[in-house]
Amino acid sequence: MKTDQAPLTFLRENYPAKNAVDDPGLGAAEELLAAWSLGRTALALTPERRKALAASALVWKEGVEPRPLVLHGDLLQPWRLYQSEKAVAALLQAMAGDARGGKWSTKMQGLFERLFRDPKDPQALAARSGVERRCTLITGGPGTGKTYTAALILPSFSSRTPS
C-alpha cells in the first residue's frame, strides 16, 4: 500500500531539520502513516531507533511546543493521539478510583461465591471491581479470560443494590 505523500510534504515544509537527509523522523513518520492505514496507532521502536528519533525535529520533547510525533516508552505515536490517550487515561483513572458502583447484597455474595471458587483469583478480583466501581478496565492478551470475566460480571448487575 502506497502512503499518501501529502502529510510527509507538510512535515518537510513545516518542520525542517538541520540536516533533512539525516533526520530519521521523516522515515519513521512514513512508517507510522503506513501502520495507521492498517489500523495501528503506534510504531514499536528498538532502543537504538528510539535514541536516533529523539534528535528529530519532528519529535516532541517536554517543554517544547507540540511536534507531530511523540516518543512514548518504546513507541512512536502521533502527538494528537498521544494527547487524546492521556486525556482518556486520566478520565478512566478517575472513574476507576471512584467506588460509587453497587453495594454487595446477600444474594450477590452468594452468586459471586458460586461463580468464583477462589475469591483471590485475578478474574474474581476483576469481576468484583467491575461490580463495585463505576468503571473497570479489564485487559490481557488473547485467551486470558477477559470475555469470560465480563460474562460473569453481567449476571451480578441484576443482584446489585444501587448506591
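Our subject is the structure that appears above.
Remember, it's a predicted structure, so these values are computed and weren't measured experimentally.

Participant: Which parts of the structure should I look at to understand the pairing of strand β4 (residues 75-78)?
Facilitator: Pairing of strand β1 (residues 43-44) with β4 involves two bridges; the strand directions are antiparallel. Counterpart to Ala 44 in the pairing with β4 is Leu 75. Across four bridges, strand β3 (residues 69-72) lies against β4 in antiparallel orientation. Within β4, the position partnered with His 72 by the bridge is Leu 75. Linkage of β3 to β4, two consecutive antiparallel strands, is achieved through a turn of two residues, within which Gly 73 is found at a positive phi near 65 degrees.

Participant: When you look at the sheet that holds β1 in this model, what are you seeing that I'm missing?
Facilitator: Each strand in a sheet pairs with its neighbour through backbone hydrogen bonds, running either in the same direction (parallel) or in the opposite one (antiparallel). Read across the open sheet, the four strands follow the order β1-β4-β3-β2; overall the sheet is mixed. Looking at which strands have only one partner, the edges of the open sheet turn out to be β1 and β2 (59-60). Pairing analysis gives two bridges linking β2 to β3, with the strands arranged parallel. Bridged to Trp 60 within β3 is Val 70. Contacts between helix α2 (residues 24-37) and the sheet are confined to β1, β3 and β4, with β4 contributing the most and set at about 75 degrees to the helix.

Participant: Would you take a moment to explain a nonpolar patch on the surface for this structure?
Facilitator: On the surface, Val 88, Leu 92 and Leu 137 cluster together into a nonpolar patch covering about 270 Å² of accessible area. Assignment of secondary structure puts Leu 137 in the loop between α6 (122-132) and α7 (146-157).

Participant: Would you mind showing me how to read the layout of surface pockets here?
Facilitator: Of the pockets and cavities examined, the largest pocket occupies roughly 290 Å³. Along the walls of the largest pocket sit Pro 7, Phe 10, Leu 11, Ala 29, Leu 32, Leu 33, Trp 36, Pro 68, Leu 69, Pro 78, Arg 80 and Leu 81, which together make up its complete lining. Here the lining of the largest pocket gets four residues from one element, more than from any other, and that element is α2. The residue inventory of the lining of the largest pocket, partitioned by class, reads 11 nonpolar, no polar and one charged.

Cut-off values and rules
- Chains are numbered independently. Their residues run from 1 in the order of the written sequence.
- Where totals are concerned, whole chains, interfaces and linings use all residues; where local detail is concerned, this predicted model gives features only for residues with pLDDT of at least 70, and gives and counts side-chain atom pairs only at 80 or more.
- To get the side-chain values, take all heavy atoms of the structure and skip hydrogens and water.
- Whether two strands pair depends on DSSP finding at least two bridges between them.
- In DSSP terms, a helix is any run of H or I states spanning at least four residues, a strand is any run of E spanning at least two, and both are numbered starting from the N terminus.
- Whether two residues touch is decided by their heavy atoms; if any such pair falls within 4.5 Å, the residues are in contact.
- The convention used is that axes are lines fitted to C-alpha atoms, helices contributing only their stretch in contact, and that angles between N-to-C directions extend from 0 to 180 degrees.
- Like-charged residues within 9 Å of one another, or nonpolar side chains (Val, Leu, Ile, Met, Phe, Trp, Tyr) within 5 Å, are grouped into patches, provided each residue has over 30% relative accessible area and no salt bridge.
- Only the protein chains shown count as cover for residues, and all accessible areas are computed by the Shrake-Rupley method using a 1.4 Å probe.
- Here a salt bridge means any side-chain nitrogen of Lys or Arg lying within 4 Å of a carboxyl oxygen belonging to Asp or Glu.
- Grid points spaced at 1 Å over the protein atoms alone were grouped into cavities, where a 1.4 Å probe fits but cannot get out, and pockets, open sets with protein on both sides within 12 Å along at least five of seven lines, with lining residues defined by an atom within 4 Å of a point.
- Grid points are joined across faces, edges and corners, and a volume is the space filled by probe spheres set on the points.
- Amino acid classes used here: Ala, Val, Leu, Ile, Met, Phe, Trp, Tyr, Cys and Pro are nonpolar; Asp, Glu, Lys and Arg are charged; the rest, including Gly, are polar.

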